[in-house]
Amino acid sequence: HNALLHAKALEVNADRPSGSKYSLKEIQQMVKEDEQLQNLTQEEMDQYITALNEHHDMKVHGIRANNVAAARDVLATTNKITKELHGLHNHTGIYATLLVMWGHINDSIQSTWTTTDNSAEFWEDVSGHQIVDVACQYEQWACTQNQSMSLIFP
């Protein structure tokens, strides 16, 4: 069903400017009313599913158009992960540290870190360095690896 919604959304929203695209409910109704989509062969359905899977794969692994888009993607994803980690801590009592660093000197990604509860104290107790110092060292190390997303993905 998601594959059909994806295909219909691409079809009807392709030339519509941001803010005027059809809503999910509208697209769901369009799919219900589209006789061609209701009478698909298994092979046609498999093609729609393959197209949706390729779209998902591109969103997860694809290269962003520019550094600003990459930075926004990192920020949004890091915020989601941070919320999940804090939620897990609240529900299960886990401890976690997340370090997110730019991997190339020309990246515009803002390096950041997050810890649950008092996890930041672990770094100071074990390594003798505060989390901010560990993050700076990690950032320096990452930049010396001479890799970026554009070099990792073909």
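Just so it is clear, the model here is predicted, and its values are computed rather than measured.

Next up on the list: the packing of helix 1 (residues 2–13) against helix 2 (residues 24–33). In the contact formed by helix 1 and helix 2, the axes pass within 9 Å of each other and the chain directions differ by 105°. Regarding the angle of helix 1 to helix 2, the classification is roughly perpendicular. Residues Leu4, Leu5, Lys8, Ala9, Val12 and Asn13 of helix 1 pack against Leu24, Ile27, Gln28, Met30 and Val31 of helix 2.

Here serine 111 lies in the loop between strand 1 (97–100) and strand 2 (112–115). Given the relative accessible area of 14%, serine 111 is considered buried. Here the side chain of serine 111 touches glutamate 139 through a polar contact of 2.3 Å, side chain to side chain.

This part is about the environment of phenylalanine 122. Here phenylalanine 122 lies in helix 6 (residues 119–127). Of the residues examined, phenylalanine 122 reaches a relative accessible area of 46% and is grouped as partly exposed. Sequence separation between phenylalanine 122 and tyrosine 95 is 27 residues, and the spatial gap between their C-alpha atoms is 9.9 Å.

The geometry of an aromatic ring pair is captured by the separation of the ring centres together with the interplanar angle, meaning the angle of the planes. Overall, the coordinates contain 2 aromatic pairs when judged by the stated rule. With a centroid separation of 5.2 Å and 80° between ring planes, the pair formed by phenylalanine 122 and tryptophan 123 is classed as edge-to-face. Residue classification places tryptophan 123 among the partly exposed residues on the basis of a relative accessible area of 23%. On the numbers, 5.9 Å between centres and 10° between planes, the contact of tyrosine 138 with tryptophan 141 is stacked. Linking tyrosine 138 with tryptophan 141, this pair stays in helix 7 (residues 131–144), spanning 3 residues, or about one helical turn. It is arginine 16 that lies over the ring of tyrosine 22; its NZ or CZ is 4.2 Å from the centre.

What counts, and where the lines are drawn
- Residues numbered from 1 in each chain as written.
- Predicted model: local features only at pLDDT ≥ 70, side-chain atom pairs only at ≥ 80, totals over all residues.
- Heavy atoms only, no water.
- Axes fitted to C-alpha atoms, helices over the stretch in contact; angles between N-to-C directions.
- Helix = DSSP H or I, 4+ residues; strand = E, 2+ residues; numbered from the N terminus.
- Parallel < 35°, antiparallel > 145°, perpendicular 65-115°, else oblique.
- Contact = heavy atoms within 4.5 Å.
- Buried < 20%, exposed > 50% of the residue type's maximum accessible area, 1.4 Å probe, protein only.
- Polar contact = N/O pair within 3.5 Å; in protein donor to acceptor, adjacent residues only side chain to side chain.
- Phe/Tyr/Trp six-rings, centres within 6.5 Å; stacked < 30°, edge-to-face > 60°.
- Lys NZ or Arg CZ within 6 Å of the ring centre and 35° of its normal.

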